[in-house]
Amino acid sequence: FFHGYGSDVHLVFRGDLPLRGFDEDVRKHLMELLVAKGIHVHVGESPLSIEKAGGKRLTLHTDQGSAITADNILFATGRKPNSEDLGLEAVGVKLRPDNGAVLVDEYSRTSVASIYAVGDVTNRLDLTPVALMEGMAVADTLFGKRPTKPNYEAVPSAVFSQPPVATC
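So, here's what we can say about the structure. (Residues numbered from 1 in each chain as written. Predicted model: local features only at pLDDT ≥ 70, side-chain atom pairs only at ≥ 80, totals over all residues. Heavy atoms only, no water.)

### Side note on helix H2 (residues 128-143)
Here is step 1: For H2, which comprises 16 residues, the first-to-last C-alpha distance of 22 Å matches the rise-based estimate of 22 Å (1.5 Å per residue) to within 8%.
Here is step 2: When H2 is considered as a whole, its buried residues turn out to be Val130, Glu134, Ala137, Val138 and Thr141. Angularly, the buried residues of H2 cover 100 degrees about the axis, an arc narrow enough to put them on a single face. Across from the buried face of H2, at angles greater than 90 degrees, the exposed residues are Thr128, Pro129, Leu132, Met136 and Phe143.
Here is step 3: Positive phi shows up at Lys145, right after H2, with a value of about 60 degrees. (Helix = DSSP H or I, 4+ residues; strand = E, 2+ residues; numbered from the N terminus. Expected span 1.5 Å × (residues − 1). Buried < 20%, exposed > 50% of the residue type's maximum accessible area, 1.4 Å probe, protein only. Arc of directions from axis to C-beta.)

See the structure below:
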């Protein structure tokens, strides 16, 4: 979007293509379009630091030695379950030690039978419509008396890029 308004845009990401987890053809096509539009793509790089560069400018340093000076830096790092300081472990809810995700069974029930978890905190499929579907499955299980498992088949996903892309 920023490039469309005339900004000089640099896109830095760890992988060899954008949109990890998306269809490979979609990823390759978007990469070609980004480069063709004049967006500076830095593949295989991770941010190390951001520092003031004088005036209102900032410099982003990467692990590959790149230094990108800009007026603004948008830093999107992905999602991590936010389960710290909720007291979950104190009541017996088990968490993944590597990322803090709440461990659940196929019905979204935690290690404590009366506690369920859905959405990003479970680190399954971090999309808002998926969290809604998981919540509805829990509601059907608890209140509709119909044990219901979330269905992760054919989950649509959209990317708000230019051009927009989507996959299922």
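So that's the structure; there's more coming.
### A look at unusual backbone geometry
Here is step 1: A positive phi angle, near 65 degrees, is found at Leu19, a position not held by glycine.
Here is step 2: Positive phi outside glycine occurs at Lys145, with the angle close to 60 degrees.
Here is step 3: Considering the arrangement of structural elements, one finds Lys145 in the loop between H2 and strand E6 (157-159).

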